[in-house]
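These are the residues of each chain, in order.
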Amino acid sequence: MIMYISVKDAKNQLSELLHRAEAGEKIVLTRHGKPVVELRPHEKKRGGINFEAGRAFLKELGVEKAVTYIAPDFDDPFPEDYLITPTTDPA
């Protein structure tokens, strides 16, 4: 069941509306009869990376393997001359 209530009326009943939303009731605040916002319980973010969802997404696209090759020197440090930038204009 969905409860519709105007923003004006909700101001006076906010605590009660929050309890009802926490209990799972869907509450929609309206302005001039049009829905504006829905009150619902806060969902904790799980954090981290959802690798399973990533695999499913790639499978839908027809991708069998996301990474097919990693060079043996992939995580080697950059050479010195690559990291040093000139401090003066050579021209």
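Scroll up a little and you will see the structure.
Now for a quick tour of the structure. As the structure is a computational prediction, the values presented were derived from the model and not from experiment.

We now examine the overall build of the protein chain. Looking only at helices and strands, the protein chain has four helices and three strands in total. Listing every helix and strand of the protein chain by position from the N terminus yields β-α-α-β-β-α-α. The C-alpha atoms of the protein chain give 27 Å as radius of gyration, which overshoots the globular expectation for 91 residues (12 Å, by more than 25%). Taken over the C-alpha atoms alone, the protein chain extends approximately 70 × 45 × 25 Å along its principal axes. Here the protein chain holds 91 residues, and 11% of them are scored as buried. The contacts of the protein chain with a sequence gap of at least 6 include a subset with a gap of at least 24, amounting to 24%.

In this section: the environment of H32. Positionally, H32 belongs in the loop between β2 (26-31) and β3 (34-39). Distance from H32 to Y69, taken between C-alpha atoms, is 59 Å for residues 37 residues apart in sequence.

Within the secondary structure, T30 is located in strand β2. Among the residues examined, T30 registers a relative accessible area of 12% and is labelled buried. If we skip the residues at most four places from it in the chain, T30 touches Y4, I5, S6, V7, P35 and V36.

Below, the discussion takes up a nonpolar patch on the surface. On the surface, a cluster of nonpolar side chains totalling about 490 Å² of accessible area is made up of F78, Y82, L83 and I84. With respect to the helices and strands, F78 occurs in the loop between α3 (51-60) and α4 (80-83). Here F78 falls in the exposed class, since its relative accessible area comes to 55%.

This brings us to the nonpolar core. Within soluble globular proteins, side chains that are nonpolar generally end up buried alongside one another. Judged by nonpolar contacts, M3, I5, A10, L17, A21, I27, L29 and L39 together constitute the single largest core of eight residues. Among residues more than four places away in sequence, those in contact with L39 are L17, A21, E25, I27 and L29.

Analysis parameters
Positions within a chain are numbered from 1, following the residues in the order the chain's sequence is written. Under the rules for a predicted model, residues below a pLDDT of 70 receive no local features and side-chain atom pairs below 80 are neither given nor counted, while totals for whole chains, interfaces and linings still include all residues. As a rule here, side-chain values cover all heavy atoms of the structure and leave hydrogens and water aside. Each helix corresponds to a stretch of at least 4 residues labelled H or I by DSSP, and each strand to a stretch of at least 2 residues labelled E; elements are numbered beginning at the N terminus. Atoms counted for the radius of gyration: C-alpha only. Globule rule: 2.2 Å times residue count to the power 0.38. Throughout, exposure labels follow a simple rule: accessible area from a 1.4 Å probe, protein chains only, divided by the maximum for the residue type, with under 20% read as buried, over 50% as exposed, and the rest as partly exposed. The contact criterion used throughout is that any non-hydrogen atoms of two residues lie within 4.5 Å. Distance thresholds for patches are 9 Å for like charges and 5 Å for nonpolar side chains (Val, Leu, Ile, Met, Phe, Trp, Tyr), applied to residues having over 30% relative accessible area and no salt bridge. Where accessible areas are quoted, they stem from the Shrake-Rupley method and a 1.4 Å probe; at the residue level, only the protein chains shown are allowed to cover. Should a side-chain nitrogen of Lys or Arg be within 4 Å of a carboxyl oxygen of Asp or Glu, the pair is scored as a salt bridge. For our purposes a nonpolar core is just a set of buried Ala, Val, Leu, Ile, Met, Phe, Trp, Tyr and Cys residues, chained together by side-chain atoms within 4.5 Å.

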